[in-house]
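Here are the chains, one letter per residue:
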Amino acid sequence: MAIIAVLATSLVILGFTALSSVAPFAKNGYWNAPGPAAANTNNNGSHGLSEILYAYSSGAGNNGSAFAGINANTPWYNLTIGLDMLVGRFLFIIPALAIAGSLASKKLVPITSGTLPTNGTLFVVLLVGTVIIVGALTYFPALSLGPIVEHFQMLNGKLF
Amino acid sequence: MSTVSVPPADRKPEIKEEGVALLSRGVRSRPLFDPEILRRAIKESFVKLNPRMVAKNPVMFVVEVGAALTTVFVVKDAIAGASGVFFGIQIAFWLWFTVVFANFAEAMAEARGKAQADTLRKTKTDTMARRLLPNDKFEMVPASRLRKGDVVYCEAGYLIPGDGEVIDGVASVDESVITGESAPVIRESGGDRSAVTGGTRVLSDHIKIRITSNPGETFLDRMIALVEGAVRQKTPNEIALNILIAGLTLIFLLAVATLPPYAKYSIAAVGSGIAPTVAVLVSLLVCLIPTTIGGLLSAIGIAGMDRVMQHNVLAMSGKAVEASGDVNTLLLDKTGTITLGNRQAVEFIPVNGVNESELADAAQLSSLADETPEGRSVVVLAKEKYSLRGREVAEHEAQFIPFSAYTRMSGVDLDGRRLRKGATDAIAQFVKDEGGTVPPLLTEISDRISRNGGTPLAVADGRRILGVIHLKDIVKGGMRERLASLRAMGIRSVMITGDNPLTAAAIAQEAGVDDFLAQATPNDKLEYIQKEQAQGRLVAMTGDGSNDAPALAQADVGVAMNTGTMVAKEAGNMVDLDSNPTKLIEIVAIGKQLLITRGSLTTFSIANDVAKYFAIIPAMFASIYPELNKLNIMGLHSPQSAVLAAVIFNAVIIIALVPLALRGVQYKPVSAGQMLTRNLLIYGLGGIIVPFPGIWLIDKILVATHLV
């Protein structure tokens, strides 16, 4: 269940970003008027990739906003961001509820010295550490072609 | 096959000397890198490259597919005459070797297990057995032809041909071949000590044994199969961990598979740069997925079972060992378990009209030739209390009467005196036979001693009853400390006995158990276990008698003593060859160790990925965005050297961690929180930090040797 949840979110975010960064469409066609899906972005290069990545990340996990002026109101983007929301949110919530349900039906194990305390620094560190590491490891490649390289470019004086 | 009615006394059966000597020497643990095992393992590692075998391990399967894919593309490039072929060949080479190293880890664990199994097999001798025929005659058959239900006759000096139950007679047996313990044990029909194991030797008297298992199905055979890894089922824990790392593999596959589109977009946007090649993409994937734990997982499990056997415990399944890691309560029997079972003399109680020193003198004389611990303790007590030294009896006309299970007494005929000591009723009968009378005080004293949990030994001189020796049940040495260790692990100990509450309370206090249950019937034991389990606790139980069987079966972890009955051994899920009731401590430690080792290596494996990203990402995209070179914090020489160094580190770390996987992470009985903190720091933090110098070093070596 846990794997399904993590997999679902990463799948839609990374998958759709990948699709949108290369999907070719005819200019002035039905699906995407500006042409190829990547052309909807307001800026080029790494900032552009960040725009696409953000659109899908926000659709799956945040408030569904757009960033830096990407034109997300075309049939292609509407459809894909919609699917993104469906899969990214529901295929995350439902497995989480399933885990809760399965735990609720299990019998209580008494607390002994072998129990892991869930109310101390150790647990906090463990939780935060796991979230950061698994999250970072999944999205680092995509981020390195977007926000991270843009940061380095900014330090070199190149702005968008 | 010849039919004989009495076996010839001077014929000695053949013994495989090697096997017996090996086990008596106590060679149970082999050194970590035995050359012969190494050779076997290396050969196996290449044999296991077969895709069908690798497919059982999802992570390694992905690596193998990646290696094959890379090889195909490298060959294609070589034919087309493209550049960078040498780099591609090296990448492909190291990818294949990642799989080989993982196979090596598993093969090492299996080879060590097989070596143990071979040692065990050597104890299976091809003795001749005396099979009882319906007409009360015997026929000689080889032991391998015996079947379940056959009855064999075994007498002093001969080896017992197979696992069985004593149905007639009493004998003392040398079980050192199986247990390594040279002190002989009593085996008798009826009661709790009727089970015998094939390969052990009868030392005195003779017994009839009914064979209870066919050749190939004995406990030893089952353990051999388990240790050889042939009949190994994945434990629930292993399955869960497998799902986790398979899931992580999928996630990283996703992260890497979506890279080519991003790269294509970025190249189009910037106008320059080379797309990452298949070799580099596969390298990134293989470095990211948890290959370290993927390769070592099965080795950890097999090595764990191996360690269990090194502690002289036959476990029937890996699941039992893992379950012991979570045990909350341990139920212990009193007699023979918490207490020595071999009682010690503490007091001489004379009957009316007899001097205590006279009683002590007679008791000592009759015990001088006594080899049993009880007899020795009588001699020692007489010496300590009355300064009676062991005399030289050579000058007297002394004839020692040895202890026999039939007469239940022993003694000496000395200077016309007939001194005897033994069970109260046996001595009473002896005195009556000599023409004397039995004072009623004898029964009173005996009863008093029994009620206090001791054993009375009556002493007689001819027709006179002299008195009673009080043998006390002594709590086994070190019991307090071991029970305290159990408590530190979070396990509660409960003593169960059929004794009266007063004696039980005294022994419980002395031994240091957390709780006790007195005057318990076998049904009481069962109910107690069920009550604990209803509260969500996991219960372990040690027992030896047939009456313990239902409780052993009900308990989550049932450890049967080797000295116990066959029924008990079948009911439990582990057999302790040393018949040590607190052996559970070692089993629990190994059970927990298995889980801790798996967790630690998984953490290490994932933590490694951080450094590998810093090595490969700048290498991959530097041609598109040179600014990303700022991420190259290790200062790696070139994109090729960076990728190759990461792949080599990924492969080599598997081999480097094989000893840790086989030995297991060190386990100390501290609370879960403390242990987790310690291991997180070592393997989590260590996993993040260690690859940085590792990859840097390999990079320097690659550049120095001009391999890249």
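The coordinates are above.
The following refers to the structure shown. These numbers come from a predicted model, not from an experiment. (Residues numbered from 1 in each chain as written. Chains lettered and ligands numbered in written order. Predicted model: local features only at pLDDT ≥ 70, side-chain atom pairs only at ≥ 80, totals over all residues. Heavy atoms only, no water.)

**Details of the nonpolar core**
Residues and elements named next belong to chain B. Counting 151 residues, the largest nonpolar core has Leu-584 and Phe-621 as the members making the most contacts within it. The greatest single-element share of this core, amounting to 19 residues, is contributed by helix H23 (residues 584–621). Not counting the four nearest positions on each side in its chain, Leu-584 is found in contact with Val-327, Leu-330, Ala-540, Val-557 and Val-559. (Core = buried A, V, L, I, M, F, W, Y, C linked by side-chain atoms within 4.5 Å. Buried < 20%, exposed > 50% of the residue type's maximum accessible area, 1.4 Å probe, protein only. Helix = DSSP H or I, 4+ residues; strand = E, 2+ residues; numbered from the N terminus. Contact = heavy atoms within 4.5 Å.)

**Some points on the interface of chain B and chain A**
At the interface, 44 residues of chain B touch 44 residues of chain A. Sorting the residues of chain B by area buried against chain A places B:Ile251, B:Tyr262 and B:Tyr265 first, and these three jointly supply 20% of that buried surface. Summed over the shared surface of chain B and chain A, the number is 0 salt bridges. Inspection of the chain B/chain A interface yields 3 residue pairs in polar contact (both at pLDDT 80 or more). Those elements giving two or more residues to the side of chain B that touches chain A turn out to be helix H8 (236–257), helix H9 (259–270), H23 and helix H25 (672–689) of chain B. (Buried area = accessible area lost by both parts, 1.4 Å probe. Salt bridge = Lys/Arg side-chain N within 4 Å of Asp/Glu carboxyl O. Polar contact = N/O pair within 3.5 Å; in protein donor to acceptor, adjacent residues only side chain to side chain.)

**Considering the packing of aromatic side chains**
Residues and elements named next belong to chain B. Tallied over the full model, the rule gives 11 aromatic pairs over all chains. Judged by centre distance (5.5 Å) and plane angle (85°), the rings of Phe-93 and Trp-94 are edge-to-face. Trp-94 gets classed as buried once you look at its relative accessible area, which sits at 19%. The structure contains a cluster of three or more aromatic residues connected by ring pairs, namely Phe-46, Phe-93, Trp-94, Phe-97 and Phe-101. Over the ring of Tyr-158 we find Arg-130, and its NZ or CZ is 4.2 Å from the ring centre. (Phe/Tyr/Trp six-rings, centres within 6.5 Å; stacked < 30°, edge-to-face > 60°. Lys NZ or Arg CZ within 6 Å of the ring centre and 35° of its normal.)

**Thoughts on the pairing of strand E21 (residues 557–561) of chain B**
Residues and elements named next belong to chain B. Summarising burial for E21: 5 of the 5 residues are buried, a large majority. Because side chains alternate across E21, one face comprises the buried residues Val-557, Val-559 and Met-561, and the other comprises Gly-558 and Ala-560, equally buried. As paired elements, strand E20 (residues 539–543) and E21 share 4 bridges and run parallel to each other. Note on E21: the bridge partner recorded for Thr-542 is Val-559. Here E21 pairs with strand E22 (residues 574–576) via 3 bridges, running parallel. If you follow Ala-560 over to E22, its bridge partner there is Val-575. As a crossover connection, the stretch from E21 through helix H22 (residues 566–571) into E22 is right-handed. (Pairing = 2+ DSSP bridges. Right-handed = clockwise from strand over helix to strand, strands pointing away.)

**Describing helix H26 (residues 691–704) of chain B**
Residue and element names in this part refer to chain B. Taking 1.5 Å per residue as the helical rise, H26 with its 14 residues ought to reach 20 Å, and the 20 Å between its terminal C-alpha atoms agrees with that figure. Buried within H26 are the following residues: Pro-691, Phe-692, Gly-694, Ile-695, Ile-698, Asp-699 and Leu-702. The arc that holds the buried residues of H26, viewed along the axis, is 165°, so those residues lie on one side. Of the surrounding secondary structure, the elements contacted by the buried residues of H26 are H23, helix H24 (639–663) and H25. (Expected span 1.5 Å × (residues − 1). Arc of directions from axis to C-beta.)

**What to know about a nonpolar patch on the surface**
Residues and elements named next belong to chain A. Judged by side-chain polarity, Tyr-30, Trp-31, Leu-79, Leu-83, Leu-86, Phe-90, Phe-92, Ile-93, Ile-94 and Leu-97 come together as a nonpolar surface patch covering roughly 1000 Å² of accessible area. Here Leu-97 lies in helix H3 (residues 75–104). Leu-97 gets classed as exposed once you look at its relative accessible area, which sits at 58%. (Patch = residues over 30% accessible without salt bridge, like charges linked within 9 Å, V, L, I, M, F, W, Y side chains within 5 Å. Areas by Shrake-Rupley, 256 points an atom, 1.4 Å probe, with all protein chains shown as cover.)

**Here we look at the pattern of salt bridges**
Residues and elements named next belong to chain B. With the rule as written, the count across this model stands at 18 salt bridges over all chains. Among the salt bridges present, the one from Arg-417 reaches Asp-461, with a minimum N-O distance of 3.3 Å. With Arg-417 in strand E15 (residues 417–422) and Asp-461 in strand E16 (residues 455–461), the pair connects residues that are 44 residues apart, well separated along the chain. Judged by its relative accessible area of 27%, Arg-417 is partly exposed. We classify Asp-461 as buried; its relative accessible area is 14%. For the salt bridge of Glu-532 with Arg-492, the shortest nitrogen-to-oxygen distance reads 3.4 Å. Taken together, the positions of Glu-532 in helix H20 (residues 522–534) and Arg-492 in strand E18 (residues 492–496) put the pair 40 residues apart, joining distant regions of the chain. When its relative accessible area of 26% is taken as the criterion, Arg-492 is described as partly exposed. Three or more residues are tied together by salt bridges with common partners; here these are Asp-413, Arg-418, Arg-420 and Glu-434.

**Some thoughts on the packing of helix H1 (residues 2–22) of chain A against H3(A)**
Residue and element names in this part refer to chain A. Relative orientation of the contacting elements H1 and H3 amounts to 170°, with a least axis distance of 7 Å. By the criterion of interaxial angle, the relationship of H1 to H3 is roughly antiparallel. Along its contact with H1, which presents Ala-2, Ile-4, Ala-5, Ala-8, Thr-9, Val-12, Ile-13, Phe-16, Leu-19 and Ser-20, the element H3 presents Trp-76, Tyr-77, Thr-80, Leu-83, Asp-84, Val-87, Gly-88, Leu-91, Phe-92, Pro-95 and Ile-99. Here the residues of the contact of H1 with H3 are counted per class, giving 16 nonpolar, 4 polar and 1 charged. (Axes fitted to C-alpha atoms, helices over the stretch in contact; angles between N-to-C directions. Parallel < 35°, antiparallel > 145°, perpendicular 65-115°, else oblique. Nonpolar A, V, L, I, M, F, W, Y, C, P; charged D, E, K, R; others polar.)

**Looking at unusual backbone geometry**
Residue and element names in this part refer to chain B. A positive phi is found at Asp-205, a non-glycine position, where the angle reads about 60°. In this fold, Asp-205 is placed in the loop between strand E8 (201–204) and strand E9 (206–211). Asp-205 gets classed as partly exposed once you look at its relative accessible area, which sits at 39%. Phi is positive for Asn-312, which is not a glycine, with a value near 65°. Asn-312 sits in the buried class, given a relative accessible area of 8%.

**Topic: the sheet that holds strand E13 (residues 398–401) of chain B**
Residues and elements named next belong to chain B. If you trace the 6 strands from one edge of the open sheet to the other, you get E12-E17-E16-E15-E14-E13, paired in antiparallel fashion. Both outer strands of the open sheet, strand E12 (344–350) and E13, are each paired with one neighbouring strand and no more. With strand direction ignored, the average angle separating the axes of adjacent strands in the sheet is 20°. Note that E13 and strand E14 (residues 409–414) share 4 bridges and pair antiparallel. The residue bridging Gln-399 from the neighbouring strand is Asp-413, located in E14. Strands in contact with helix H14 (residues 356–367) are E12, E13, E14, E15, E16 and strand E17 (464–472); relative to E15, the strand with the most contacts, it is inclined by about 85°.

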